[in-house]
Amino acid sequence: MDITIKERRPEDKKMIPAFDAKLGFGRHFSDHMFLMDYSSAKGWYNPRIEPYQYLNLSPAAMCLHYGQEIFEGMKAYRNEEGEIFLFRPEENIKRMNRSASRLVMPELDVDFTVNAIKKLVELDKAWIPPVKGYALYIRPTMIAVDPFLGVKPSDTYLFYVITGPVASYYPEQEGKLKAVKIYVTDKYVRAVVGGTGEAKSAGNYAASLRAQLEARDAGYAQVLWLDGVEHRYIEEVGTMNIFFVKDGVLYTSPLTGSILPGITRDSVIKLAPHLGYEVREERLTIDEVLSGIESGEISEVFGTGTAAIISPVSHVAYRDRDFEVGSGDVGPIAQRLYETLLGIQYGEIEDPFGWRVKLA
Ligand SMILES: *Cc1c(COP(=O)(O)O)cnc(C)c1O
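For clarity, every value in this text was computed on a predicted model and none was experimentally measured.

Asker: Got a sec to walk through the packing of aromatic side chains? Specific residues and values, please.
Answerer: Centre distance and the angle of the planes are the two values used to describe a pair of aromatic rings. Applying the stated rule across the entire model yields twelve aromatic pairs. Between Trp-44 and Phe-159 the ring centres are 6.3 Å apart and the planes differ by 70 degrees, which places this aromatic pair in the edge-to-face class. In this pair, Trp-44 is assigned in strand β3 (residues 43–51) and Phe-159 in strand β8 (residues 156–166), connecting sequence segments 115 residues apart. Judged by relative accessible area, Trp-44 falls into the buried class, the value being 14%. Judged by its relative accessible area of 0%, Phe-159 falls in the buried class. Taking the centre distance of 5.7 Å and the plane angle of 45 degrees together, the rings of Tyr-183 and Tyr-220 count as tilted. Pair noted here: Tyr-183 is in strand β9 (residues 180–185) and Tyr-220 is in the loop between α5 (209–217) and β10 (222–226), with a separation of 37 residues, a long-range link. With a relative accessible area of 11%, Tyr-220 lands in the buried category.

Asker: Tell me what's going on with the site of the ligand, and back it up with residues and numbers.
Answerer: Surrounding the ligand, one finds 15 residues, the nearest of these being Lys-200, Tyr-205, Glu-236, Thr-264 and Thr-306. For the ligand, an oxygen atom lies 2.7 Å from a polar atom in the side chain of Lys-200. Side-chain polar atom of Tyr-205 to an oxygen atom of the ligand: 2.4 Å apart, as the coordinates give it. Taken by itself the ligand offers 380 Å² of open surface, and the protein chains cover 97% of this.

Procedures and definitions
- Residues numbered from 1 in each chain as written.
- Predicted model: local features only at pLDDT ≥ 70, side-chain atom pairs only at ≥ 80, totals over all residues.
- Heavy atoms only, no water.
- Phe/Tyr/Trp six-rings, centres within 6.5 Å; stacked < 30°, edge-to-face > 60°.
- Helix = DSSP H or I, 4+ residues; strand = E, 2+ residues; numbered from the N terminus.
- Buried < 20%, exposed > 50% of the residue type's maximum accessible area, 1.4 Å probe, protein only.
- Near = heavy atom within 4 Å.
- Polar contact = N/O pair within 3.5 Å; in protein donor to acceptor, adjacent residues only side chain to side chain.
- Areas by Shrake-Rupley, 256 points an atom, 1.4 Å probe, with all protein chains shown as cover.

So this is what it looks like as structure tokens:
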């Protein structure tokens, strides 16, 4: 399949925002988007790059009523030399295919899709901030578009990719991370085994908003989710996976079926031993975590995800108590993992695992 490219006319090009702290996250969108249609008769067809524009969608489109939607989140990085890199992009498309399978949606050809994303990023490369910590966020999305009211899988789909420049997710100054406070909920659950927690699908996030709001109101940045059955085991935090440093060993929840299998999580699991740290994928209970923080056995807590890469946690609140992790500062292991991952992503240091994909 050849990708048709329709470029925005130079006089219609949008203003690229300044690459400074005001840039924020997820508010600006680049000049072009990739689109491709699917029908059960034809498979995927009409792959094209066009100016960024509103979609033409039936108000009866099934994605709007029954939530048959999946998405991905990845980044393109540009360094001062002008080199542009993607980070493990095939992993995102493979995960999207697993999400697709769970939501009974059509799978993508991994190589074709990564190639389409490369073309799109290349065309809008002026939008990639050449500033460390900043990146071009890439949002592949798939929606069910049959105009039909009735609960069944759609026969037609739209896959599209939009991009936009982003600052680091949490404010950060001169390479120094900022720790965030998190709030444990035992009132709401994100996912249960057998549900859709493993898929990056819209409904999971709509279902998390109420808990997120209550956490914000109480002064916390993110919700720490416990397992959906016993409300005891740590699962993940907000839209990140979570790690604990206990007696110098890194712990993270195993992929039980209700946790989103993060690519940053997987990268930390592979990178940490390379830096001399042991990693264990073991379930920890909230009680073990809180007593570990209190005794000092747990010296660091941090989240991992594409948006923030590594997000250190300074406080964990549960019921009416608030526990400070270590001295509330960014821990040395979180800082080291952050610097190493960023160094790899921006092409500054050796890439021992071959994770970088260099664009032209
Ligand atoms: C996207 C996401 C993550 C992190 O995945 P990455 O591939 O590391 O970005 C973790 N948890 C949830 C719920 C997510 O949506």
